[in-house]
Amino acid sequence: GENVEQHPSTLSVQEGDSAVIKCTYSDSASNYFPWYKQELGKRPQLIIDIRSNVGEKKDQRIAVTLNKTAKHFSLHITETQPEDSAVYFCAARGPGYSTLTFGKGTMLLVSP
Amino acid sequence: EAEVAQSPRYKITEKSQAVAFWCDPISGHATLYWYRQILGQGPELLVQFQDESVVDDSQLPKDRFSAERLKGVDSTLKIQPAELGDSAMYLCASSPKAGAFTGELFFGEGSRLTVL
């Protein structure tokens, strides 16, 4: 099955800095790559996703890039704010009825 | 805004006891998932339903866990007997599209299980 590795496990930045979280996946057939944000004690919520026919997608301060050849994708957050502090999960999904497999998460701490 | 409903929010039980969790997905969502999230880790799929049919239960410990979605709407996840290692957050999620690609998952707030 699919295996998703996520790095780093924790990331501390100063407010206004950029943050980058990286994930690799094992199944070359995977074609959908979402990112979820989970604030402390809250449910995971989708913040951005990308499909395999697109190399980059941006939504205001967040962007995701995908390198299918290398089987890795990254989340970029610019101009970080304290409210960006949360755990971020990447995930990958194959075609058909394939399972959505999550990485272990990155705890992002943005200090004022 | 419609949300996935789960109950109970918290459950404390002793090992060897039976526990059950209930999930009501967003109305009209054909696909329903049960995930287990151990503290500090990502969600791990236990079972995926498409309407009332199980699509994937390969990671469900079938000797003690069972799940059903009899009418293709709400779902129940049962553990019997509970073990210490079952302590975790049990997340239910649903997605709006039927068929192969189901897109965004909408999660419930979860049921936190503590086994003593």
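The structure we're discussing is the one just above.
A.B. asks: Give a description of the sheet that holds strand β8 (residues 72-77) of chain A that names residues and reports values.
C.D. replies: Residue and element names in this part refer to chain A. Ordered by their spatial adjacency, five strands build an open sheet running β1-β3-β8-β7-β6, and the pairing between neighbours is antiparallel. Where the open sheet ends on each side, the last strands, each with one partner, are β1 (4-7) and β6 (56-59). Direction aside, the axes of adjacent strands within the sheet are offset by 15° on average.

A.B. asks: Go over the side chain of E2(A) with me, naming the residues and quoting the values.
C.D. replies: Residues and elements named next belong to chain A. With respect to the helices and strands, the residue E2 is situated in the segment before β1. Among buried charged residues, E2 stands out as having no salt bridge; its nearest opposite-charge side chain is K71, 7.5 Å away. At 3.1 Å, the side chain of E2 forms a polar contact with the backbone nitrogen of D27. Reaching out from E2, the side chain makes a polar contact with the side chain of S30 at a distance of 2.4 Å.

A.B. asks: How would you summarise unusual backbone geometry if you had to cite specific residues and measurements?
C.D. replies: Between H7(A) and the following residue, P8(A), the backbone shows a cis peptide bond with an omega angle of -5°. Position of P8(A) relative to the elements: it lies in the loop between β1 and β2 (10-14). For the peptide bond that leads from S7(B) to P8(B), omega is -10°, which places it in the cis range. By the secondary structure assignment, P8(B) is in the loop between β1 (5-7) and β2 (10-13). A positive phi angle is found at Q60(A), which is not glycine, with a value near 55°. Tracing the sequence through the fold places Q60(A) in the loop between β6 and β7 (62-67).

A.B. asks: Account for the interface of chain A and chain B, with residues named and values stated.
C.D. replies: Across the contact, 17 residues belong to chain A and 25 residues belong to chain B. Both sides together, the interface formed by chain A and chain B hides about 1,900 Å², and carbon and sulfur atoms give 53% of it. Taken together, the links from chain A to chain B amount to two salt bridges. Among the salt bridges present, the one from R43(A) reaches E109(B), with a minimum N-O distance of 3.3 Å. On inspection of chain A and its partner chain B, the count reaches eight residue pairs in polar contact (both at pLDDT 80 or more). When contributions to the side of chain A that touches chain B are tallied by element, the ones reaching two or more residues are β4 (32-38), β5 (45-51), β9 (86-93) and β10 (100-102) of chain A. Here the element with the most residues in the side of chain A that touches chain B is β4(A); it accounts for three residues.

A.B. asks: Give me the state of the cysteines: which residues, what numbers.
C.D. replies: Residue and element names in this part refer to chain A. For the structure shown, the criterion picks out two disulfides over all chains. Each sulfur in the disulfide pair C23 and C90 lies 1.9 Å from the other. Disulfide C23-C90: torsion about the S-S bond near -100°, hence left-handed. Of this pair, C23 sits in strand β3 (residues 19-25) while C90 sits in strand β9, placing them 67 residues apart in sequence. Classification of C23 by relative accessible area gives buried; the value is 1%. The exposure class of C90 is buried, given its relative accessible area of 0%.

Rules used in this analysis
Every chain begins its residue count from 1, and numbering advances along the sequence as written. Ligands are numbered from 1 and chains lettered from A, in the order in which they are written. At least 70 in pLDDT is required for a residue's local features to be given in this predicted model, at least 80 for side-chain atom pairs to be given and counted, and no such filter applies to totals for whole chains, interfaces and linings, which use all residues. Each side-chain value is worked out from all heavy atoms of the structure, with water and hydrogens disregarded. Only strands that DSSP links by at least two bridges are regarded as paired with each other. Where helices and strands are cited, they refer to DSSP runs of H or I of at least four residues and of E of at least two residues respectively, numbered from the N terminus. A fitted line through C-alpha atoms represents every axis, and for helices the fit uses only the stretch in contact; the resulting angles, taken between N-to-C directions, go from 0 to 180 degrees. Here the term buried applies to any residue with accessible area under 20% of the maximum for its type, exposed to any over 50%, and partly exposed to those in between, with areas from a 1.4 Å probe on protein chains only. When charges are counted, Lys and Arg are positive and Asp and Glu negative, with His and the chain ends excluded. Basic side-chain nitrogens of Lys or Arg form a salt bridge, by our definition, when they fall within 4 Å of a carboxyl oxygen of Asp or Glu. What qualifies as a polar contact is a pair of N or O atoms within 3.5 Å, subject to a donor-acceptor requirement within protein and to the restriction that residues adjacent in sequence count only when both atoms come from side chains. In this description, contact between two residues means that some pair of their heavy atoms is separated by no more than 4.5 Å. We define buried area as the total accessible area lost by two parts upon association, computed with a 1.4 Å probe and summed across both. Cysteine sulfur atoms that pair up within 2.5 Å are treated as a disulfide.

Functional significance is not addressed by these values, which are geometric in nature.
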